[in-house]
Amino acid sequence: MQYIDLHVHSCCSDGTLTPEELVDLAIESNLVAFALTDHDTVDGVAAALAAARGRNIRVIPGVELSCEHTISPSRKKEIHILGYNVDYTQPELVETLADIARERDSRNRQMCENLSAAGYPIDYESLTSRFHGTILTRAHFARFLMEQGAIPSIDFAFKEILAQDGPYFVSRRYLTPQSGIELIKKAGGLPVLAHPLLYKMSVTELHQLLTETKACGLRGIEAIYSRNRGNDEAFVRKLAQDFGLFITGGTDFHGANKPDLEIGRGEGNLRVPVMLLENLR
C-alpha cells in the first residue's frame, strides 16, 4: 500500500522545515505525495514543486485559509478551509493573501506590545528577526518565548498567555467560510473543511456549518486526522456521506512546533491511502 499526507506545513507559515526539507522528508518517509497547505500563504509552493521535480514524490499545491464562521450573533468560531490543486499564481488569491499578511502583521505588533508591557521578553523586531521571511502566527510567539526561557513549553503558551480569551491576545479580521471557498474555487482549487472536530461544535452546529458551506461549493471534509480519537473518523465519514462530500486525510505536520506528529504517520498510527488522491482530480 502507498501512502500520502494531505495536510503539511512549512516554515512559510508556522512549520519549522523549509519546503525543500519537506520534500526530502516525505521521500525518506516513503510517501508518494503530500500537499503543502500553509496557513494563508502559498509562498512555499513553487519551491516545493521545484524540489520534487524528477523525484519519486508528488507535491500538491495547497493552502489552509483561516475563516470565521458565525454560529449565532454572539458566538463565532475560527475554522479552516483547505484548498487543493490551487493555481498559486492566480492574481486574486495572491492579492488576498497579501492583504491577510498585512493585517496579521499589524495584529502581531500589538500582541508584542501587550506581552512586553506585561514583562515578557519580546519585541516585534526581535521576533521578526528570529523568524525572518515567515508569516508569523501564535506558534512563533510561543517558540520565541520558550527559547527566551520565559515559558516552559509551546503548549503552555497557547493555554495560558496566547489563548483567544487571554489578556494579551489580539483578534484579527477573517474571511468568511463562503469567501474563502469562493477564493479557492476562483484559483481552480477544491475546497475542503479541515479537522471539523477541533472546533468543538455540537452536531447541530456542525450540520449548520456544512449546510452553509456545501451550498457555496465545499467539496470535501478531512476525515483522517492526527487528533482523532475513538469513533471520530467514523463520525466524520458519516458526515461526508450525509452531505455528499469526499474525504481527505492528513497529519497537520508542523515539524518541531508539533513534535509529536510525524509526516505521513501523525502520532504513529495514521495512514492516508494513496487512493484518496482520486478525490482531488
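Please refer to the structure higher up on the page.
Residues numbered from 1 in each chain as written. Predicted model: local features only at pLDDT ≥ 70, side-chain atom pairs only at ≥ 80, totals over all residues. Heavy atoms only, no water.

**Student:** So what's going on with the packing of aromatic side chains? Residues and values would help.
**Tutor:** Taken as a whole and judged by the stated rule, the model has 1 aromatic pair. Between Tyr120 and Tyr168, the aromatic rings sit 5.8 Å apart at their centres with planes inclined by 75 degrees, giving edge-to-face as the arrangement. With Tyr120 in the loop between α3 (91-117) and α4 (124-130) and Tyr168 in the loop between α6 (154-161) and α7 (177-186), this pair connects stretches of sequence that are 48 residues apart. It is Arg271 that lies over the ring of Tyr3; its NZ or CZ is 5.6 Å from the centre. (Phe/Tyr/Trp six-rings, centres within 6.5 Å; stacked < 30°, edge-to-face > 60°. Helix = DSSP H or I, 4+ residues; strand = E, 2+ residues; numbered from the N terminus. Lys NZ or Arg CZ within 6 Å of the ring centre and 35° of its normal.)

**Student:** Give me the pattern of salt bridges: which residues, what numbers.
**Tutor:** As enumerated under the stated definition, the model contains 20 salt bridges in all. Residue Asp99 pairs with Arg102 through a salt bridge whose shortest N-O separation is 2.2 Å. Of this pair, Asp99 and Arg102 both sit in helix α3, 3 residues apart, which is roughly one turn of that helix. Judged by relative accessible area, Asp99 falls into the partly exposed class, the value being 44%. The network of salt bridges with shared partners includes Asp40, Glu103, Arg104 and Arg172. (Salt bridge = Lys/Arg side-chain N within 4 Å of Asp/Glu carboxyl O. Buried < 20%, exposed > 50% of the residue type's maximum accessible area, 1.4 Å probe, protein only.)

**Student:** Outline the side chain of Thr213, listing residues and values.
**Tutor:** Relative to the helices and strands, Thr213 is located in helix α8 (residues 203-215). Reaching out from Thr213, the side chain makes a polar contact with the backbone oxygen of Leu209 at a distance of 2.8 Å. The contacts of Thr213, once residues within four sequence positions are left out, are Pro177, Ile181 and Leu218. (Polar contact = N/O pair within 3.5 Å; in protein donor to acceptor, adjacent residues only side chain to side chain. Contact = heavy atoms within 4.5 Å.)

**Student:** Explain the sheet that holds strand β2 (residues 31-36) to me, using residue names and the numbers behind them.
**Tutor:** Within the open sheet, the 8 strands sit side by side as β7-β6-β5-β4-β3-β2-β1-β8. Their pairing is mixed. Two strands close off the open sheet at either side, each with one partner strand: β7 (246-250) and β8 (272-273). Looking at chain direction, strand β5 (residues 190-193) and strand β6 (residues 220-225) are connected through 2 bridges and run parallel. Along β6, the bridge assignment pairs Val192 with Gly220. Along the sheet face, helix α1 (residues 19-28) touches β1 (3-8), β2 and β3 (58-72) and points at about 155 degrees away from the line of β2. On the sheet, α8 packs against β3, β4 (75-84), β5 and β6 and is oriented at approximately 120 degrees with respect to β3. (Pairing = 2+ DSSP bridges. Axes fitted to C-alpha atoms, helices over the stretch in contact; angles between N-to-C directions.)

**Student:** Can you lay out the side chain of His69 for me, pointing to particular residues and giving the numbers?
**Tutor:** By the element assignment, His69 lies in strand β3. We classify His69 as buried; its relative accessible area is 2%. Discounting chain neighbours no more than four positions away, the residues touching His69 are Arg75, Lys76, Lys77, Ile79, Pro177, Met201, Gln208, Leu209 and Glu212.

Nothing here speaks to function; it is geometry throughout.
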